[in-house]
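# Overview (structure and organization)
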Amino acid sequence: MASTSTPPITIQIHSSSKTNFPSKPLIQTSLKLPFSPTTYKLDVRVVRSSSPTKYNEVVVDEEIERIRRLQNGSDVRGVAVEGEKGRTVDLTPPVVEAIAESFGEWVVKGLEKENARISLGRDPRISGASLSASVFAGLARAGCVVFDMGLATTPACFMSTQLPPFAYDASIMMTASHLPYTRNGLKFFTKRGGLTSPEVEEICDKAATKYANRLTKVSTMLSIPPTRVDFMSNYSKHLREIIKERVNHPLHYDTPLKGFQLGADTFGSLHLNPDGMFPNHIPNPEDKTAMALTRAAVLENSADLGVVFDTDVDRSGVVDSKGNPINGDRLIALMSAIVLREHPETTIVTDARTSMALTRFITARGGQHCLYRVGYRNVIDKGVLLNKDGIETHLMMETSGHGALKENYFLDDGAYIVVKIIIQMVRMKLEGSDEGIGSLIKDLEEPFESVELRMNVISEPRHAKQQAIEVIESFREYIEEGRLEGWELDSCGDCWVSEGCLVDSNDSALAVDAHMYRAKVSDKEHGEHGWVHIRQSIHNPNIAVNMQSSVPGGCQSMTKLLRDKFLVASGVDKILDISQIDKYARSGVVK
């Protein structure tokens, strides 16, 4: 029974009718729950209108479209709290409840069983506690039994479906990764892994219809309150056991890090207390501030390794003992070197933004490099497909820091990536090497120039995705028609072609969640000297342009050609904000 000190969940139901009076709740009810010390306030709307049916149909259509736009590839993301200029709150408690209910129904249908057991974890965002109540309500409506993991990580949510005695049927992680504190989102897992984009689209479609046509937008009671569970302690123990087992230290098995500052002494660590406002820096291992602060801490404390995670720990970056940041291509190279020692000649899948130097690094060590579509789920799913086709593929990594291994359920787990690095670091020490982990990538060449630029789609959000697709398809047509001299599409089927790239021999194409192409660029003076990758963003209504060049000024030159010979010549500059492209073309500086 709940303690009398437990605060209630307060639920208010408002009318959506337009009146001259201030908005007041039509219904208010309270429910005491034993699982949390937080007061949740859930806003509930009742659709009432004496207007013609046509007006109601328009409202329903707009609400359906608004929820569908929350899909972010294989995730759901939106604005959960006010505070972001130009963005309105769209990930509301009623919306989250409808999505959670639809996911619960999807799980129950797939399992063909009642009372599916589903866990929920969340990152420290300030909207997490209140939105958790909506998830619990939605899952309860679907007839699921819910388990509250509290603060957790994305990999832990998946592992809660695997590790005994938990082994839940499914799990949800509430996070928006590295995005601002105003955002939040949902990631979905079953025992077979993360959901695909088409599966999430199906769930969002059901949720949109459910939400738009429901009289009351959120339920007013939870028949079965969630059970609080401490899964993170078990998950941490699981990772520690892997380190002990793989190192197999001959002198002190249970303390394999003895003699290292890491593990023996974590003095000097930064920002270990979760703060959902992210006051110190963007929670992103790609962030320069995050890496610079970690580098300074490593050097100041003479640490063996520095580790940077994003908010939900599905991505990571490291700093070696000499203070060298290792993320992006460098992290992929480090993991490739480690994996190729264990699995010679294995295939490594990356996204198509990695450098030609990384391909040479992998092939020089006997590996195969498959460059695939940008998007961590695309990269991971490609690895799964290659293995099914009999092509041994042990590592899949995106330049953003998402990395998955065949040995770890094909799960993008930033903590597991760091575990692999720690194991290798200790092994090198036992072998008598004092060079440190960074020595494994000392021969990796850095691209001479590398830049990323963005073009916002000037359109209503509902039309932005389609317009971005049309722009990118026009880019393909311009290159195929030879309108960009020296530019050639760098593709073969679904695979991007470069030196050492594995040609995609698969007949079953994976679903496309965002359109993109990569072009290799040549000229008479330098021959092939770079590439340009253009893609539709799945996070925001914009188009991202990545490019690399092996010659000075190459990126600026390619940007000028892209602007003059395609963006302006085709007229797509009328529907795109190309100001960043134009500024870089003029100055060679990203602003």
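The notes below deal with the structure included here. All of these numbers come straight from a predicted model, not from anything done at the bench.

## Some details on the packing of aromatic side chains
Using the criterion set out here, one finds 11 aromatic pairs in the structure. Their ring planes at 15 degrees and their centres at 6.3 Å tell us that phenylalanine 231 and tyrosine 235 sit as a pair that is stacked. Here the residue phenylalanine 231 and the residue tyrosine 235 both occupy positions in helix H6 (residues 231–247), the gap between them amounting to four residues, near one helical turn. The buried category is assigned to tyrosine 235, whose relative accessible area is 4%. Judged by centre distance (5.6 Å) and plane angle (70 degrees), the ring pair of phenylalanine 475 and phenylalanine 566 falls under edge-to-face. Within this pair, whereas phenylalanine 475 is found in helix H13 (residues 461–480), its partner phenylalanine 566 is found in helix H14 (residues 554–570), the two being separated by 91 residues in sequence. The same class applies to phenylalanine 475 as to phenylalanine 566, namely buried. Aromatic ring contacts, followed pair by pair, group Phe147, Phe166, Tyr168, Phe231 and Tyr235 into a single cluster. A cation over an aromatic ring shows up here: arginine 483 above the ring of tyrosine 478, its NZ or CZ 4.3 Å from the ring centre.

## Regarding the sheet that holds strand S27 (residues 576–577)
Read from one edge to the other, the open sheet built from six strands follows the order S21-S24-S25-S26-S20-S27, with strand pairing classed as antiparallel. At either end of the open sheet lies a strand with only one pairing partner, and these are strand S21 (487–489) and S27. Two strands pair when backbone bridges link them, and S21 and strand S24 (residues 516–523) are joined in this way by three bridges, in the antiparallel orientation. Within S24, the residue paired with tryptophan 487 across the bridge is valine 521.

## Looking at the nonpolar core
Formed by 57 residues in total, the largest nonpolar core has its most connected members in Phe231, Leu334, Met335, Ile421 and Ile437. Mapped onto this core, the elements with two or more residues apiece are strand S7 (145–151), helix H4 (154–159), H6, helix H9 (329–342), helix H10 (356–364), strand S17 (393–397) and helix H12 (414–430). At 11 residues, H12 tops the list of elements feeding residues into this core. Residue assignment places this core across two domains, with domain 1 (57–229) and domain 2 (235–440) each supplying three or more. Counting residues in each nonpolar core, the second largest holds 38 residues, with Val108, Ala116, Leu131 and Val135 among its members.

## Side note on helix H3 (residues 128–141)
The terminal C-alpha atoms of H3, which comprises 14 residues, lie 20 Å apart, in line with the 20 Å expected from a rise of 1.5 Å per residue. For H3, a buried count of 12 out of 14 residues is recorded, marking the element as mostly surrounded by other parts of the structure. Of the positions making up H3, those classed as buried are Gly128, Ala129, Leu131, Ser132, Ala133, Ser134, Val135, Phe136, Ala137, Gly138, Leu139 and Ala140. Glycine 143 occupies a position one or two residues after H3 and carries a positive phi of about 85 degrees.

## Regarding the pairing of strand S9 (residues 183–190)
Burial of S9 is extensive: eight of the eight residues sit out of reach of the surface. One ladder, built from five bridges, connects strand S5 (residues 75–79) with S9; its direction is antiparallel. Across the sheet, arginine 77 pairs through a bridge with glycine 185, a residue of S9. Of the strand pairs in this sheet, strand S8 (residues 170–174) and S9 are connected by five bridges, and their pairing is antiparallel. Within the sheet, the bridge partner assigned to methionine 173 lies in S9 and is lysine 187. Note that S9 and strand S10 (residues 193–194) share two bridges and pair antiparallel. Residue pairing in the sheet places phenylalanine 189 in a bridge with glycine 194 of S10. Connecting S9 to the next strand, S10, in antiparallel fashion are two residues.

## Examining the environment of arginine 66
Secondary-structure assignment places arginine 66 in helix H1 (residues 53–68). What makes arginine 66 partly exposed here is its relative accessible area of 31%.

## Brief notes about the side chain of serine 171
Among the structural elements, serine 171 can be located in strand S8. A distance of 2.7 Å separates polar atoms of two side chains, one belonging to serine 171 and the other to serine 119. With residues near it in sequence (within four places) discarded, serine 171 still touches Phe103, Ile118, Ser119, Cys157, Ser160, Thr161, Lys187, Phe188 and Phe189.

## Focus: H10
Regarding H10, the residues found buried are Met356, Ala357, Leu358, Thr359, Phe361 and Ile362. Contacts from the buried residues of H10 go to H9, strand S15 (347–351), strand S16 (368–372), S24 and strand S25 (527–536). Positioned one or two residues after H10, glycine 366 has a phi angle of 90 degrees, which is positive.

## Side note on the pattern of salt bridges
Counting across every chain of the model gives 40 salt bridges. A salt bridge links glutamate 342 to arginine 427; the nearest nitrogen and oxygen atoms lie 3.4 Å apart. With a gap of 85 residues between them, glutamate 342 in helix H9 and arginine 427 in helix H12 connect regions that are remote in the sequence. In this structure, aspartate 490 and arginine 518 form a salt bridge, with 3.3 Å as the shortest nitrogen-oxygen distance. On the criterion of sequence distance, the pair formed by aspartate 490 in the loop between S21 and strand S22 (491–492) and arginine 518 in strand S24 is long-range, its members being 28 residues apart. Exposure class is identical for aspartate 490 and arginine 518. Each is buried. Linked through salt bridges whose partners overlap, the residues forming this network are Glu97, Glu101, Glu105, Arg141 and Lys210.

## Remarks on the sheet that holds strand S13 (residues 316–320)
Pairing is antiparallel across the open sheet formed by three strands, whose spatial order is S12-S13-S14. The open sheet has two edge strands with one neighbour each: strand S12 (305–309) and strand S14 (325–326). Pairing between S13 and S14: two bridges, direction antiparallel. Along S14, the bridge assignment pairs valine 318 with isoleucine 326.

## Regarding unusual backbone geometry
Residues proline 164 and proline 165 are joined by a peptide bond in cis, for which omega reads 5 degrees. Along the chain, proline 165 turns up in the loop between H4 and S8. In this structure, glutamate 112 takes a positive phi of about 55 degrees despite not being glycine. Positionally, glutamate 112 belongs in the loop between helix H2 (93–111) and strand S6 (117–122). Note on glutamate 112: relative accessible area 72%, which makes it exposed. The backbone of alanine 167 shows a phi angle near 45 degrees, a positive value even though the residue is not glycine. Tracing the backbone through its elements, the reader meets alanine 167 in the loop between H4 and S8. Judged by its relative accessible area of 28%, alanine 167 falls in the partly exposed class.

Rules and cut-offs
- Residues numbered from 1 in each chain as written.
- Predicted model: local features only at pLDDT ≥ 70, side-chain atom pairs only at ≥ 80, totals over all residues.
- Heavy atoms only, no water.
- Phe/Tyr/Trp six-rings, centres within 6.5 Å; stacked < 30°, edge-to-face > 60°.
- Helix = DSSP H or I, 4+ residues; strand = E, 2+ residues; numbered from the N terminus.
- Buried < 20%, exposed > 50% of the residue type's maximum accessible area, 1.4 Å probe, protein only.
- Lys NZ or Arg CZ within 6 Å of the ring centre and 35° of its normal.
- Pairing = 2+ DSSP bridges.
- Core = buried A, V, L, I, M, F, W, Y, C linked by side-chain atoms within 4.5 Å.
- Domains from an automatic or database assignment.
- Expected span 1.5 Å × (residues − 1).
- Polar contact = N/O pair within 3.5 Å; in protein donor to acceptor, adjacent residues only side chain to side chain.
- Contact = heavy atoms within 4.5 Å.
- Salt bridge = Lys/Arg side-chain N within 4 Å of Asp/Glu carboxyl O.

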